[in-house]
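The chain contents come next:
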Amino acid sequence: MKPAPFGYADPTSLDEALTLLAEDGAKVLAGGQSLLPLLSMRLASPATLVDINRIPGLDSVAVSGDGVRVGALVRHVDLLHHAEAARVQPLLARATANVAHPAIRNRGTTVGSIAHADPSGEMTSVLALTGGSVTVATPGGPQTVDWADFFVGPLETSVHGPAVVTEAFFPALPPRSGTAFEEVSRRKGDYAVCGAGVTVTLDEDSRVSSVRAAYISVGLVPEVHDLTEAVAGRTVAEADWSAAADLARTLVDPDGDLHASADYRRLLVGVLTERTLARAAEEAQTR
Ligand SMILES: Cc1cc2nc3c(=O)[nH]c(=O)nc-3n(C[C@H](O)[C@H](O)[C@H](O)COP(=O)(O)OP(=O)(O)OC[C@H]3O[C@@H](n4cnc5c(N)ncnc54)[C@H](O)[C@@H]3O)c2cc1C
């Protein structure tokens, strides 16, 4: 199918973009890798696409000891190959490697993926797991929105009215922590049937002090689950990761669909949790 007719504007400043977005039916266009398929299938029919690609200052990745700031025009591929960002927060490259295919990663943006708020998207869960936030430009000035207040439902965020998400902030991985990310999809590059991202943190005596997990394609919005109680105080050698996986299975409430039943997704949550925690714990011993 072809999209319904729509207007197009390509502002060169955020102020201009916000003025255009105040019009009825106007929508931000970033990489277009989610929005244009929706238009072509006539699942969305915005009056005007406000293309933000010509607005300067939105295409940088800024890395500091606190974390990684990803601008609205940073493509998935840029983050995938950003060695400094990967050093400070390894989940970024690990999760991005699972986002779609190279052609889509070349054009799609990390922030667009978060603004799209698809619970099957990798980066929504990574924002949640790292305790991140987004910065939103609005006519009243910039606002910072914590991940937990941002995601409201599938493809729905708490941001309404004229607004552009200008950056996403992913806090740094804490010391003595490790991460891992793994997913199952029908074909490489497809959306995940189920995925898991985890972090394991050790205390100064090298005993487990924190275990957290977030899942892909499991809930309606990203959720972070604290699995610490299953293995708290154990050394990495002593920890029984299957106990944490059992706990995770009780905490999630996946739906079934065309691709997988709810039971199969719950099974995958357990399998992926056990595998990723074991890897993350090994890594935690080296950092
Ligand atoms: C075949 C295929 C497979 C894919 N597989 C995956 C996958 O496995 N995992 C995955 O995560 N994604 C996948 N995607 C989606 C891809 O990652 C998109 O790039 C991404 O979801 C959206 O980014 P975008 O820049 O293309 O946004 P767009 O398509 O331009 O916009 C998406 C939505 O977000 C809004 N938006 C975008 N940027 C902003 C902003 N800065 N401020 C406010 N609103 C904004 C738009 O208005 C629109 O509603 C796939 C896409 C395709 C076509």
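These figures come from a predicted structure and were not determined experimentally.

Parameters and conventions
Residues numbered from 1 in each chain as written. Predicted model: local features only at pLDDT ≥ 70, side-chain atom pairs only at ≥ 80, totals over all residues. Heavy atoms only, no water. Phe/Tyr/Trp six-rings, centres within 6.5 Å; stacked < 30°, edge-to-face > 60°. Buried < 20%, exposed > 50% of the residue type's maximum accessible area, 1.4 Å probe, protein only. Lys NZ or Arg CZ within 6 Å of the ring centre and 35° of its normal. UniProt positions renumbered as here; feature names shortened; annotations may be inferred. Helix = DSSP H or I, 4+ residues; strand = E, 2+ residues; numbered from the N terminus. Core = buried A, V, L, I, M, F, W, Y, C linked by side-chain atoms within 4.5 Å. Domains from an automatic or database assignment. Contact = heavy atoms within 4.5 Å. Pairing = 2+ DSSP bridges. Patch = residues over 30% accessible without salt bridge, like charges linked within 9 Å, V, L, I, M, F, W, Y side chains within 5 Å. Areas by Shrake-Rupley, 256 points an atom, 1.4 Å probe, with all protein chains shown as cover. Salt bridge = Lys/Arg side-chain N within 4 Å of Asp/Glu carboxyl O. Axes fitted to C-alpha atoms, helices over the stretch in contact; angles between N-to-C directions. Left-handed = near helix turned anticlockwise from the far one by under 90°. Nonpolar A, V, L, I, M, F, W, Y, C, P; charged D, E, K, R; others polar. Near = heavy atom within 4 Å. Polar contact = N/O pair within 3.5 Å; in protein donor to acceptor, adjacent residues only side chain to side chain.

**Regarding the packing of aromatic side chains**
And step 1. Taken as a whole, this structure holds one aromatic pair when the rule is applied.
And step 2. Ring centres of Phe 150 and Phe 151 lie 5.2 Å apart, and the angle between their planes is 75 degrees; this geometry places the pair in the edge-to-face category.
And step 3. According to the relative accessible area criterion, Phe 151 is buried, its value standing at 8%.
And step 4. Positioned above the aromatic ring of Phe 169 is the side chain of Arg 69, whose terminal nitrogen or guanidinium carbon lies 4.4 Å from the ring centre.

**Some points on the UniProt feature "domain: FAD-binding PCMH-type" (unreviewed entry) in the protein chain**
And step 1. The sites that UniProt annotates as "domain: FAD-binding PCMH-type" (unreviewed entry) are residues 1–175.
And step 2. Secondary structure content for residues 1–175 is 32% helix and 23% strand, while the C-alpha to C-alpha distance between its ends is 51 Å.

**Considerations on the nonpolar core**
And step 1. Core analysis: the biggest nonpolar cluster contains 47 residues, and Leu 92, Ile 114, Met 123, Val 126, Leu 127, Val 134 and Phe 170 have the highest contact counts within it.
And step 2. Both domains that meet at this core, namely domain 1 (1–173) and domain 2 (177–284), each give it at least three residues.
And step 3. Other than its neighbours up to four places away in sequence, Leu 127 contacts Ile 114, Gly 132, Ser 133, Val 134, Trp 147, Phe 151, Ala 168, Phe 169 and Phe 170.
And step 4. Grouped together as the second largest cluster of nonpolar side chains are 30 residues, Val 200, Tyr 215, Trp 241 and Ala 281 included.

**Considerations on helix α8 (residues 122–129)**
And step 1. Counting buried residues along α8, eight of its eight residues qualify, which places the element largely inside the surrounding structure.
And step 2. Taken as a whole, α8 has its buried residues at Glu 122, Met 123, Thr 124, Ser 125, Val 126, Leu 127, Ala 128 and Leu 129.

**Overview of the pairing of strand β12 (residues 194–202)**
Two faces, one strand: in a regular strand the side chains alternate between the faces of the sheet.
And step 1. Judged by how many residues are buried, β12 sits mostly within the fold: nine of nine residues are covered.
And step 2. Side chains of β12 alternate between two faces, with Cys 194, Ala 196, Val 198, Val 200 and Leu 202 and Gly 195, Gly 197, Thr 199 and Thr 201 buried alike.
And step 3. Pairing of strand β11 (residues 177–184) with β12 involves eight bridges; the strand directions are antiparallel. Note that in β12 the partner of Val 184 across the bridge is Cys 194.
And step 4. Bridge count for β12 against strand β13 (residues 208–216) is eight bridges, and the pairing is antiparallel. Within β13, the residue paired with Gly 195 across the bridge is Ile 216.
And step 5. In sequence, β12 turns back onto β13 through a hairpin of five residues, with Ser 206 there showing a positive phi of about 65 degrees.

**Observations concerning a nonpolar patch on the surface**
And step 1. Taken together, Tyr 264, Leu 267 and Val 271 make up a surface patch of nonpolar side chains, about 250 Å² in accessible area.
And step 2. You can see Leu 267 is positioned in helix α11 (residues 262–284).
And step 3. With a relative accessible area of 46%, Leu 267 lands in the partly exposed category.

**Describing the packing of helix α10 (residues 241–251) against α11**
And step 1. At their nearest, the axes of α10 and α11 sit 8 Å apart, and the two run at 140 degrees to each other. For the crossing formed where α10 meets α11, the hand is right-handed. Of the residues in α11, those touching α10 at Trp 241, Ser 242, Ala 244, Ala 245, Ala 248 and Arg 249 are Arg 266, Leu 267, Val 269, Gly 270, Val 271, Thr 273, Glu 274, Leu 277, Ala 278 and Ala 281.
And step 2. Class assignment of the residues belonging to the contact of α10 with α11 gives a composition of ten nonpolar, three polar and three charged.

**Some thoughts on the site of the ligand**
And step 1. With respect to spatial proximity, 30 residues lie near the ligand, and among them Val 28, Gly 32, Leu 35, Thr 109 and Glu 122 are the closest.
And step 2. Leu 35 is positioned such that a nitrogen or oxygen atom in its backbone is 2.7 Å from an oxygen atom of the ligand.
And step 3. Residue Glu 122 places a side-chain N or O atom 2.7 Å away from a nitrogen atom belonging to the ligand.
And step 4. Here the ligand has 960 Å² of accessible area as a free molecule, and 88% of this is covered by the chains.
And step 5. Of all elements in the fold, only β2 (26–29), α7 (110–116) and β10 (164–171) reach the threshold of two or more residues within the shell around the ligand.
And step 6. In terms of residue count, the dominant contributor to the shell around the ligand is α7 (five residues).
And step 7. Residues that form the shell around the ligand fall into these classes: 14 nonpolar, 13 polar and three charged.
And step 8. There are two domains that each give the shell around the ligand at least three residues, and those are domain 1 (1–173) and domain 2 (177–284).

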